[in-house]
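# Descriptive structure summary
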Amino acid sequence: MLTIDCKDVISIKNDLLVYVADQVAAIPTLKNHQFTLSSFDDDEILDTVKVISAIKEYLDSINEGKNFAVISNNDVINITSISGRIIENDSEESEHQMFSCTHCGFVTQYQVELNVHMRIHYL
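Just so it is clear, the structure is predicted and the values come from calculations on it, not from any experiment. (Residues numbered from 1 in each chain as written. Predicted model: local features only at pLDDT ≥ 70, side-chain atom pairs only at ≥ 80, totals over all residues. Heavy atoms only, no water.)

### What about the pairing of strand S2 (residues 27–30)?
Judged from the 4 bridges that link them, S2 and strand S3 (residues 34–38) form a sheet pairing that is antiparallel. Paired with leucine 30 across the strands is phenylalanine 35, a residue of S3. Between S2 and S3, which follow one another and run antiparallel, lie 3 residues. (Pairing = 2+ DSSP bridges. Helix = DSSP H or I, 4+ residues; strand = E, 2+ residues; numbered from the N terminus.)

### Topic: the packing of aromatic side chains
With the rule as written, the count across this model stands at 1 aromatic pair. Measuring from centroid to centroid gives 5.6 Å for tyrosine 19 and tyrosine 58, while their planes differ by 45 degrees, and the two rings are tilted. Highlighted residues: tyrosine 19 in helix H1 (residues 13–24) and tyrosine 58 in helix H2 (residues 48–61), separated in sequence by 39 residues. The exposure class assigned to tyrosine 19 is partly exposed, which follows from its relative accessible area of 26%. Exposure remark for tyrosine 58: the relative accessible area of 11% places this residue in the buried category. (Phe/Tyr/Trp six-rings, centres within 6.5 Å; stacked < 30°, edge-to-face > 60°. Buried < 20%, exposed > 50% of the residue type's maximum accessible area, 1.4 Å probe, protein only.)

### Side note on the nonpolar core
Inside soluble globular proteins, nonpolar side chains tend to come together where they are buried. Counting residues in each nonpolar core, the largest one holds 26 residues, and the members touching the most others are Ile4, Leu37, Val51, Ile55 and Ile79. Going through the elements one at a time, strand S1 (2–5), H1, S3, H2, strand S4 (68–73) and strand S5 (76–81) are the ones with two or more residues in this core. In terms of residue count, the dominant contributor to this core is H2 (6 residues). Not counting the four nearest positions on each side in its chain, leucine 37 is found in contact with Met1, Leu2, Ile4, Val20, Ala21, Val24, Ala26, Ile27, Pro28, Leu46 and Val51. (Core = buried A, V, L, I, M, F, W, Y, C linked by side-chain atoms within 4.5 Å. Contact = heavy atoms within 4.5 Å.)

This is the structure in structure tokens:
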């Protein structure tokens, strides 16, 4: 499992998550300022280089590639602003927190509901 820290790019976290998970064929899980990627098979290990490449591709596609460094440290990948710039959300919409089950992909906006759902997998 890899953790991607998005504190400097929080406004594009959801779009980035969808793009990267699709590129590397992984199961994403949203968290506050980060997201995690898990492989479909527990025995399979995600390729960190492939994940970093997908993150850089996405940043380049929105013309932000030169402003951010993507740094890997063991199982944590940090997206860090080089110039101190943080990507702001252009839209006025409030971002809803969504949580997803790592086992089946169930999505909810309530952490408590996810916790109750996760217990079903261990019965």
